[in-house]
Amino acid sequence: MRIAIVDESAARASIIEEGLVELHDCEIFVLTDRRALLAEMARIEPDIVLIDLGNPSRDVLEEYFAVSRALARPIAMFVDESDDDAIAASIDAGVSAYVVDGLAANRIRPLIDVCVRRFNAFSRLQDELAEARGKLAERDTVDRAKRILMDSRGISEPEAYRELRSKAMQASKRIVEIAEAVVTAHELMGGK
Amino acid sequence: MSEQLTIGFLPLVDACLPILAQEHGFAEEEGLELSFLRDVSWATVLDRLLYGHSDAAHLLAPLAIATTLGRGRPAQPLSAPFVLGLNGNAVTLRTGLAMRVAPEAALGDPAELGKALALEARARKAEGSLLRFGVVHRYSSHNYMLRYWLAACGVRPDEDVEIVTIAPPFVADALASGEIDGACVGEPYSSVAVDRGVGRIVLATAQIWRRGVEKVLALRESVLEEKRHQTEALIRAMRKAGRHFVDPENWEENARILARADYLDGDPAQILRAISDRLVLERGGAPVTYSDFMFQHNEAANFPWVSQAQWLYSQLLRWDRIAFDPHEAEAAARVFRPDVYRAALRGTGDDLPGANAKVEGGVTGPLAVGMEQGAITLKGDTFFDGSSFDPDDIRQYLARLP
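Parameters at a glance
- Residues numbered from 1 in each chain as written.
- Chains lettered and ligands numbered in written order.
- Predicted model: local features only at pLDDT ≥ 70, side-chain atom pairs only at ≥ 80, totals over all residues.
- Buried ≥ 20, exposed ≤ 12 C-beta atoms within 10 Å, placed from the backbone.
- Helix = DSSP H or I, 4+ residues; strand = E, 2+ residues; numbered from the N terminus.
- Pairing = 2+ DSSP bridges.
- Contact = placed C-beta atoms within 7 Å.
- Nonpolar A, V, L, I, M, F, W, Y, C, P; charged D, E, K, R; others polar.
- Axes fitted to C-alpha atoms, helices over the stretch in contact; angles between N-to-C directions.
- Domains from an automatic or database assignment.

## Some details on the pairing of strand β11 (residues 215–220) of chain B
Residue and element names in this part refer to chain B. Counting buried positions along β11 yields six of six residues, so the element is predominantly enclosed. Pairing of strand β3 (residues 56–60) with β11, which is carried by four bridges, proceeds in the antiparallel orientation. Bridge pairing links His58 to Leu217 in β11. Note that strand β4 (residues 78–83) and β11 share four bridges and pair antiparallel.

This is the structure we're talking about:
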């Protein structure tokens, strides 16, 4: 089976590709460039096209498939009405599938399932990454607040941290919130 | 406690009414809280609507009909109880081509312009290639209006030129690279192309059909029944937003709201052009006023005339080259839901026409129409070639067209 993965996010495309290579006799093509899309489609002649839901090229691609209905290998959106839950899951995960006419649903379903899992895994990874970035930024703020306290009050780093922590406990706030207040106040007072 | 509704949209000026209904508090007055889902492809807007990510969507009217009829995917019945606006699109040509077919920067006579374009198309064909036009979707009024105009001017849209699909935000790029020679697209994307100096606006779709139906608010038929109460509240809120939208006092403020990053993420000055019916046709040119370029409120513009759905169905038959089918014709007509629109506004004093269908293109001068409540005078709804569409006679209408 020839599978085309269309995704402007090269990182996500490679995560899906990696999931699909485990399946038997699949040849996988990754397309990330919008401009060459239709020419590549014509060259590859895929049996299945997997595309991220929000891809800006979807209308262009659907038009190409509409025209392809007159050709030898008509392609249509994969909507197996007997299995609406699976389609809903793929839309929720953010992936649409188009398949060549006549391909049996039981050959398509495992693919879609892998794809859904991989899409979900990718968005989890992104969430985790965003969270990690947030944590790094928080640590930076706390470090700046400690430095301000150490400089202005001549205390040690552990003492500065204890100050921040006890203020946070008294105010039922997170340490980073107190640290932000310290940094902001310092900036307002003309500090750097 | 407000009821929540999620609305899908593409970043175009004619997504204005639900957005402004939320922003100006009209939705809240009707007990609604609206949230929005922006996408860049109609296929995505449609998927989200069909699989429940959104309750309602800003949608191409012909796409709502094609989806109901199962063109290109299994049939799913959609309902359109509110027309989001009439026209608001423009035909933009690459600068060189525009200079040849319309030496003066003006919105000229559509028939004259079409004749000049037909000569260009023929010359290009003789050289072994075709003039290429971009439209936003196969099932769009942009496609149908462009084809209607070309065909009436002696250009066969599928033989003498090439018409391709292109997403609105990429139209300016495609004109710049020469991938297309012209486009029919909604605002602000013609204006974007003009300001980049890659194209000139030569025609407004309002010049092709003075009152051409454009986007609709679409819902799944089952969702409309489940959320009938909220849908009617939304219709009332959008009518209030429309009254605010057409008042010149509010133009600049509304352009600023629509330009925001979470809505159109665009330039308020460009968005203002469509809102105020004042288009800049070529880069650096003076604005040209073309009244009713975009027609969002007056003359009960949001009323879903069943005859509009039937005209769109006639064009779907024409360009998909399929035969008239009485059952399909009925299903297509049923997509537009004047009964819901009436129920929402009955007793509010807002304008409600007496009939659900009319002869489209039949009003050549001011005409007071029979009303259920309120009063309107239609100023004219003609097609540029003088023909009119009788919804009871779709087959004969198609037989008369080129």
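## Observations concerning the interface of chain A and chain B
If you look at the interface, chain A gives 17 residues, while chain B gives 16 residues. Elements supplying a minimum of two residues to the side of chain A that touches chain B: α3 (58–68), β4 (75–77) and α4 (84–93) of chain A. It is α3 of chain A that contributes the most residues to the side of chain A that touches chain B, six residues altogether. Considering only residue class, the side of chain A that touches chain B consists of nine nonpolar, three polar and five charged.

## So, the sheet that holds strand β6 (residues 89–94) of chain B
Residue and element names in this part refer to chain B. With respect to topology, five strands assemble into an open sheet ordered β8-β7-β9-β6-β10, the strand pairing being mixed. Here the strands that pair on one side only, and so sit at the sheet edges, are β8 (161–165) and β10 (199–204). With direction set aside, neighbouring strand axes in the sheet form an average angle of 25°. Pairing geometry for strand β7 (residues 131–135) and β8, over five bridges, is parallel. Each residue of the ladder has a partner; that of Leu131, found in β8, is Val161.

## Examining the domain arrangement of chain B
Residue and element names in this part refer to chain B. Looking at the assigned domains, one finds that chain B contains domain 1 (3–86 + 212–280 + 290–295) and domain 2 (89–208). For domain 1 versus domain 2, the separation of C-alpha centres amounts to 26 Å. On the side of domain 2, 22 residues touch domain 1, which itself brings 25 residues to the contact. Contributing elements (two or more residues each) for the side of domain 1 that touches domain 2: α4 (61–69) and α14 (268–275).

## Topic: the sheet that holds strand β2 (residues 27–31) of chain A
Residue and element names in this part refer to chain A. A sheet is described by the order of its strands in space; here five strands give the open sequence β2-β1-β3-β5-β4, paired in mixed fashion. Here the strands that pair on one side only, and so sit at the sheet edges, are β2 and β4. Across this sheet, the average inter-strand angle for adjacent strands is 20°, counted without regard to direction. Of the strand pairs in this sheet, β4 and strand β5 (residues 95–100) are connected by three bridges, and their pairing is antiparallel. Looking across to β5, one finds that Ala76 is bridged to Val99. With respect to the sheet, helix α2 (residues 37–44) is in contact with β1 (2–6) and β2, its orientation differing from that of β1 by roughly 170°.

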